[in-house]
Amino acid sequence: ENGIDAWLRYAPIPEANSFKDFVPSTIVVLNDSQISPVYTAGQELQQGINSILGQRCQVAYEGSDDSSIIVGTVEAYASTGGSIDGLQELIADGYYISTSAGGVLILGENERGALYGAFAFLETLATGNLSAGSYASNPDAPVRWVNQWDNMRDGGTHGSVERGYGGKSIFFWDGQYARLLASIGINGIVINNVNANETTINDTNIEGVARVADAFRPYGIQIGLSLYFSSPANLSHLDTFDPLNEEVIAWWNNKTTQIYSHIPDFAGYLVKANSEGQPGPLTYNRTLAEGANLFARALQPHGGTVMFRAFVYDSKTLNQTTNWKADRANAAVEFFDGLDGKFEDNVVIQIKYGPIDFQVREPVSPLFTHLENTATSIELQITQEYLGQQAHLVYLPPMWRELLDFDLRVDSQPTPLTSILNGSRFGTKRAGGYAGVVNVGTNTTWLGSHLAMSNLYAFGKTAWYGASAPSPSEIIDTWTRLTFSHDPTVISTINALSLASWPTYENYTGNLGLQTLTDILLGHYGPNPASQDGNPWGQWTRADGNSIGMDRTVSNGTGFAGQYPTEVAEMYERIETTPDELMLWFHHVGYTQKLHSGKTVLQHIYDAHYEGAAMAQTFPVQWEGLKGLVDEERYEHVLYRLRYQAGHSLVWRDSICNFYFNKSGIADELGRVGNYRYRIEAEEMELVEGYKVYQVKPFEAGSGGG
Ligand code: BDP
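The structure reproduced in this document is the subject of the present report. (Residues numbered from 1 in each chain as written. Predicted model: local features only at pLDDT ≥ 70, side-chain atom pairs only at ≥ 80, totals over all residues. Heavy atoms only, no water.)

This part takes up the site of the ligand. Surrounding the ligand, one finds 14 residues, the nearest of these being Glu162, Lys272, Arg309, Asp357 and Glu385. Within the side chain of Asn195, one N or O atom sits 2.9 Å away from an oxygen atom of the ligand. Here an oxygen atom of the ligand sits 2.6 Å away from a polar atom, N or O, in the side chain of Asp357. For the ligand, whose accessible area on its own is 320 Å², the fraction buried by protein is 97%. (Near = heavy atom within 4 Å. Polar contact = N/O pair within 3.5 Å; in protein donor to acceptor, adjacent residues only side chain to side chain. Areas by Shrake-Rupley, 256 points an atom, 1.4 Å probe, with all protein chains shown as cover.)

Mapped onto the fold, Gln381 is located in strand β15 (residues 375–381). Here the side chain of Gln381 touches Glu385 through a polar contact of 2.8 Å, side chain to side chain. When near neighbours in sequence (up to four residues on either side) are disregarded, Gln381 contacts Trp149, Phe358, Leu396, Trp400 and Val437. (Helix = DSSP H or I, 4+ residues; strand = E, 2+ residues; numbered from the N terminus. Contact = heavy atoms within 4.5 Å.)

The next point concerns the pairing of strand β4 (residues 95–100). Along β4, 5 of the 6 residues are buried, which leaves the element largely enclosed by surrounding structure. Taken together, the 6 bridges between β4 and strand β5 (residues 103–108) define a ladder with antiparallel strand orientation. Within β5, the residue paired with Ser100 across the bridge is Gly103. A loop of 2 residues connects β4 with β5, the two strands running antiparallel in sequence. Relative to strand β6 (residues 133–137), β4 runs antiparallel, the two sharing 5 bridges. (Buried < 20%, exposed > 50% of the residue type's maximum accessible area, 1.4 Å probe, protein only. Pairing = 2+ DSSP bridges.)

On to the sheet that holds strand β14 (residues 347–352), then. Judged by pairing direction, the barrel is parallel, and its 8 strands sit side by side in the order β7-β10-β11-β12-β13-β14-β15-β16 before closing back on the first. Strand-to-strand twist in this sheet, taken as the mean axis angle between neighbours without regard to direction, amounts to 25 degrees. Where β15 meets strand β16 (residues 433–437), 5 bridges bridge the pair, whose relative direction is parallel. Each bridged residue has a counterpart across the sheet, and for Gln381 the counterpart in β16 is Val437. (Axes fitted to C-alpha atoms, helices over the stretch in contact; angles between N-to-C directions.)

Position of Thr40 among the secondary structure elements: in helix α2 (residues 37–53). With relative accessibility at 6%, the residue Thr40 sits in the buried group. Discounting residues that sit within four places of it in the chain, Thr40 has contacts with Leu115, Pro218 and Tyr219.

The next thing to look at is helix α9 (residues 288–299). For α9, with 12 residues, the first-to-last C-alpha span of 17 Å sits near the 16 Å given by 1.5 Å per residue. Of all 12 residues that make up α9, 10 are buried, and the element is covered over most of its length. Burial in α9 covers these residues: Leu288, Ala289, Gly291, Ala292, Asn293, Leu294, Phe295, Ala296, Ala298 and Leu299. In this structure, the buried residues of α9 make contact with β11 (222–227), α8 (246–262), β12 (268–271), β13 (305–309), α10 (331–335) and β14. (Expected span 1.5 Å × (residues − 1).)

Here is the structure:
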């Protein structure tokens, strides 16, 4: 098996016979338009039931025989004379399912909801959990989008994908991706790179984008585009892109109308402005709100949304050698200062989970607490840019849960992040939600690794259920049943590997809130702690011979801790109350500073690296226990990656430990660091043809310490 079916594998299940009573052999689909998600729901049910139970169903588009599977909207069902007693209130995209020996009813509040209901029914069937009963399910937040950082074709047949580790762009491929996304409740997709350029919306390409929209429509997924702020100046005679200029406004209005004439259900725009070289409103001394509102107003007549990214910082001003207080973590709150309430209602501010950039450990971005009158969505990365790029197993839901459940204590009231995203905490006029950067590619595994797909599956569940999502452990078990097998050994092994993976990766990379310590300037892969400091990108560790960490306190540091509501700010302000895992994020301390755990900072770093790398050695061994229990092709593919990870974790361990040992001169209490008797150094080897000497960077990762 090559992974292409992901969790929609619909393998036959052991319990098939006992379920047949609950699965009638006629499906009545209350919509016969092929572009309707309800029609798609009928097709999915027919295929899925056939594949799981080996039962062929007839599909009919008329009648509502109660002894069949009926799928449609509540409204369509009512118009056939159907009624349900005590139907719980459904909101947009919600669904209701009733299963009994008499028949099955799958109703959506809207057409998309009916499709979600069909996928939910198939999931209970495929996991062996079908039983009589009825329930309703509503999404926690309206925005459940994915982002793809795909570039348009660049010479070959497919475009490249920024920070994509699963091959080239799929958008000139086929519609399978839409199925996967719909099956986990995703309702929007932005198909091009946030580092956009104007070509995406030129006259020819809009037609191509419309064909992509056509492929997603039957799955209820609306497409959106990332914009290049200066497009009017690039695509027309205008020599300005000032958001308040009348001609610029007219240009965007026309462009937006043109897009809607090709894509009537276009979702809207995603905008990265004034960040990492992208133009934006600040170029004309206009505020970010004025920039966002330009697009919001153009979209309003058509019902579209602007996702305006909060990832705004100016690397030019972030020079730590001239300004000790410079701190990239401060940027978002500073740039959005005073703008709350100034955004049009169809603007959602899309905020990365942490204030820096998708690191292995970050505190929740404080910006969420500064936008009480503006909808916000959280940007999570499924693509593991800093987290091992799918060559390392890192199951992300445990990290996401910590962030989403974190209580930000706005006005000293309970404020878990989920309650801000779904609009309930601030009563925001419009709720926001979730954006996941996925970056699948043409690789049949989608993300480059079979196990990494559990993160995409979990993202959908997290966005749908918010605070009431199943636990990371429950999610991985369901995913395993759907993707691999119902065998208890397979389930428990993948569970153990997955739940251990984030702490393990954190252990052998950057600890105590130090950032991930990857190379920061280029690939964001592999250890390179030296590259963290002294560059304008500002992910600093400020390590010197005696001490380490970023002082972000209000009293002595960059002031970042003060961006949180009082109770949280006070907690992070003091070493005594800062949790160990964020100690070096908030404080600059001596290597011998004692943590709450009783260990010194440096000994913690050494120990964590040895523990993490030791744990990674067990991963391939645990996986080997599944030989014969999962298909050979995926077994080998996963094993190869886990073996690689085990090896690379040693490179990580030794590089980071050597680096801080060299800096501090403080030995490891257990005598491990620098003592590599078991290693075969390159100096002791002889070059054979085809190999050449290569200077390894950073030198700590090389042989013989250099
Ligand atoms: C950084 C990525 C870069 C993205 C940027 C962003 O390295 O490729 O363009 O974030 O999110 O992490 O805009």
